[in-house]
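Here is what each chain is made of, one letter per residue.
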Amino acid sequence: MTSFNKIAVLGGGAWGTALAQTAARAGRSVTLWEHDPANAQHLSDKRESVYLPGVTLEPSIVVTRDLADAARADALLLVVPAQVMRPVVTSLAPLIAARTPLVACAKGIEHGTHRFMTEIIAECAPAAIPAILSGPSFAADVARGLPTAVTIAAADAAVAQALAQAMNSGSFRPYHSTDVRGVELGGATKNVMAIAAGIVEGRKLGASALAAMTTRGFVELVRFGKAYGARIETMHGLSGLGDLTMCCSTPQSRNFSFGMALGRGESIDTAAHGKLAEGYYTAPVLLEMAQAKHVDMPISTAVAAILAGKLDVDKAIEGLLTRPLKAEE
Ligand SMILES: NC(=O)c1ccc[n+]([C@@H]2O[C@H](COP(=O)([O-])OP(=O)(O)OC[C@H]3O[C@@H](n4cnc5c(N)ncnc54)[C@H](O)[C@@H]3O)[C@@H](O)[C@H]2O)c1
Ligand SMILES: O=P(O)(O)OC[C@H](O)CO
């Protein structure tokens, strides 16, 4: 089987740093590329990311601002926000060898085009092998070496298996899959549901309401997944149900925490407290895509309306509770 010994991570943010640590602990030779000059300097000088304070980089990790250095790896993990995936892959494409796996680690869908992350890779780097890594995994936990399981998917089972092998350490356990769409769709969708769950928590609506929101959020994820080609077992797995339940239950999730602030009445402009809440960007796209295939997603619709400033939280809750009664499905 192919082995990927040299791993590059693009993005020295919280998740990129955690994945670089993981790959280094798994025995891989790791290059960490960061575009932001200040963070790159901090990574080189202090051996720490400004996005993940308190985590010291493994000594073997090489930090670079030169994309060509990173492009020489056997496989690259793309760990930048979903909305900048396209320019990053476009810059990378002429620098990599054909058939190099590019593993999207972002959880989102592109605005305007409705493209999933691996579709952007296929479009912008057609010679590469698109793959996706997703699942319940907080950067701070992974960086500390706490036990974590994720899924890595690629169309070719042997590639997915080899990538899982390359990233496997004593504490980080990747499962492999060929359901690329299912894995990426779960991660993008759960962020929107986590905002909804956070709103419930911030509004102090109680544990019963939180369980109802999480469960009905999962129903929406499954409906959306069926419409866009995900396998049911993937949606029931780590990248679907696993990530959804985690992010709908704790303020350690930035999306949940953003929702909590909205539920408490903070303004949309400040509620993220400067942190990346991908669900904010995904919500309107998710809604457009649901509407395009006539998928009923009332929670996502309410979240998108709140984030667009078209609906206040109390009216959204009232609207969800007063819809006509229906059979559970
Ligand atoms: N943090 C987590 O626990 C976690 C876990 C799983 C998945 N993710 C996903 O990983 C992705 C990145 O999240 P994060 O937590 O690392 O975010 P972050 O805000 O901590 O870091 C973002 C990184 O992207 C880089 N970046 C921003 N704009 C860029 C651009 N135009 N060009 C190149 N690089 C750019 C930043 O410099 C930084 O390195 C998100 O899609 C997120 O959903 C995060
Ligand atoms: O902090 P969040 O909400 O971006 O969640 C991080 C990861 O996606 C959890 O799996």
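Only a predicted model underlies this, so the values are computations on that prediction, with no experimental measurement involved. (Residues numbered from 1 in each chain as written. Chains lettered and ligands numbered in written order. Predicted model: local features only at pLDDT ≥ 70, side-chain atom pairs only at ≥ 80, totals over all residues. Heavy atoms only, no water.)

### Quick word on the overall build of the chain
Looking only at helices and strands, the chain has 15 helices and eight strands in total. On C-alpha atoms alone, the chain measures out to a radius of gyration of 19 Å, which is about the 20 Å that the 2.2 N^0.38 rule sets for 329 residues. Seen through its principal axes, the chain has C-alpha atoms that stretch 55 × 40 × 35 Å. The buried share of the chain, reckoned over its 329 residues, is 56%. The contacts in the chain between residues at least 6 apart in sequence include a share of 70% that link residues at least 24 apart. Charged side chains in the chain number 29 positive and 29 negative. The centres of these two groups are separated by 2 Å. (Helix = DSSP H or I, 4+ residues; strand = E, 2+ residues; numbered from the N terminus. Rg over C-alpha atoms; globule rule 2.2 N^0.38 Å. Buried < 20%, exposed > 50% of the residue type's maximum accessible area, 1.4 Å probe, protein only. Contact = heavy atoms within 4.5 Å. Lys, Arg positive; Asp, Glu negative; His and termini not counted. Charge placed at Lys NZ, Arg CZ, Asp CG, Glu CD.)

### Thoughts on the site of ligand 1
Taken together, 24 residues form the shell around ligand 1, and within it A14, E34, A139, R254 and E278 come nearest. Between ligand 1 and G12, the relevant distance is 3.1 Å, taken from an oxygen atom to a main-chain nitrogen or oxygen of the residue. Between ligand 1 and E34 there is a distance of 2.5 Å, counted from an oxygen atom to a side-chain nitrogen or oxygen. Relative to its unbound accessible surface of 830 Å², ligand 1 loses 87% to contact with the protein. Placement of ligand 1 is best described as lying within the largest pocket. Ranked by residues supplied to the shell around ligand 1, first place goes to helix α1 (residues 14–25) with three residues. (Near = heavy atom within 4 Å. Polar contact = N/O pair within 3.5 Å; in protein donor to acceptor, adjacent residues only side chain to side chain. Areas by Shrake-Rupley, 256 points an atom, 1.4 Å probe, with all protein chains shown as cover. 1 Å grid on protein atoms, 1.4 Å probe; cavity = no way out; pocket = protein on both sides within 12 Å on 5 of 7 lines; lining within 4 Å. Sits in = over half its atoms within 2 Å of the grid points.)

### Some words on the packing of aromatic side chains
Under the defined criterion, the tally for this structure stands at four aromatic pairs. When the ring of F116 is compared with that of Y228, the centres are 6.4 Å apart and the planes differ by 65°; the resulting orientation is edge-to-face. Highlighted residues: F116 in the loop between β5 (101–104) and α5 (117–124) and Y228 in the loop between α9 (207–227) and α10 (232–235), separated in sequence by 112 residues. Arranged with centres 4.8 Å apart and planes meeting at 35°, the rings of F224 and Y228 form a pair that is tilted. (Phe/Tyr/Trp six-rings, centres within 6.5 Å; stacked < 30°, edge-to-face > 60°.)

### Some thoughts on the UniProt feature "domain: Glycerol-3-phosphate dehydrogenase NAD-dependent C-terminal" (unreviewed entry) in the chain
Mapped onto this numbering, the UniProt entry annotates "domain: Glycerol-3-phosphate dehydrogenase NAD-dependent C-terminal" (unreviewed entry) at residues 179–318. As annotated, residues 179–318 has a helix share of 71% and a strand share of 0%, and its two end C-alpha atoms lie 37 Å apart. (UniProt positions renumbered as here; feature names shortened; annotations may be inferred.)

### Things to note about the environment of G206
With respect to the secondary-structure elements, G206 resides in the loop between α8 (180–202) and α9. A relative accessible area of 36% places G206 in the partly exposed class. Measuring from C-alpha to C-alpha, the distance between G206 and T151 comes to 32 Å, with 55 residues separating the pair along the chain.

### Side note on the site of ligand 2
The immediate surroundings of ligand 2 are formed by 13 residues, with K107, D243, S253, R254 and N255 found nearest. In this structure, an oxygen atom belonging to ligand 2 sits 2.7 Å away from a main-chain N or O atom of R254. Here ligand 2 loses 92% of its free accessible area of 310 Å² to cover by the protein chains. In a pocket analysis with a 2 Å cut-off to the grid points, ligand 2 is assigned to the largest pocket. Listing elements by their share of the shell around ligand 2, those giving two or more residues are α11 (238–247) and α12 (254–263).

### Here we look at the sheet that holds strand β3 (residues 62–64)
Pairing within the open sheet is mixed, and its eight strands lie in the order β3-β2-β1-β4-β5-β6-β7-β8. Both edges of this open sheet fall to β3 and β8 (172–177), since each of them pairs with a single strand only. Ignoring which end each strand starts from, the neighbouring axes of this sheet average 25° apart. On the sheet, α5 packs against β4 (75–78), β5 and β6 (129–134) and is oriented at approximately 160° with respect to β6. (Pairing = 2+ DSSP bridges. Axes fitted to C-alpha atoms, helices over the stretch in contact; angles between N-to-C directions.)

### As for the nonpolar core
Buried together is how nonpolar side chains tend to be arranged in soluble globular proteins. Counting 47 residues, the largest nonpolar core has I109, F224 and V303 as its most contacted members. Looking at this core, the elements that each hand over two or more residues are α8, α9, α12, α13 (278–292), α14 (298–307) and α15 (313–321). In terms of residues, this core owes the most to one element, α8, which gives nine residues. Beyond its immediate sequence surroundings of up to four residues, V303 is in contact with V192, I195, A196 and A283. In this structure, A14, L43, V159 and A162 belong to the second largest nonpolar core, which totals 39 residues. (Core = buried A, V, L, I, M, F, W, Y, C linked by side-chain atoms within 4.5 Å.)

### Concerning the UniProt feature "domain: Glycerol-3-phosphate dehydrogenase NAD-dependent N-terminal" (unreviewed entry) in the chain
The feature "domain: Glycerol-3-phosphate dehydrogenase NAD-dependent N-terminal" (unreviewed entry), as given by UniProt, occupies residues 6–159 in the numbering adopted here. Segment residues 6–159 splits into 33% helix and 22% strand. End C-alpha atoms: 15 Å apart.

### A word on the state of the cysteines
For the structure shown, the criterion picks out zero disulfides. With no disulfide partner, C105 has as its closest neighbouring cysteine sulfur the one in C247, 15 Å distant. We classify C105 as buried; its relative accessible area is 3%. No disulfide involves C124; its sulfur sits 17 Å from that of C105, the nearest cysteine. (Disulfide = S-S within 2.5 Å.)

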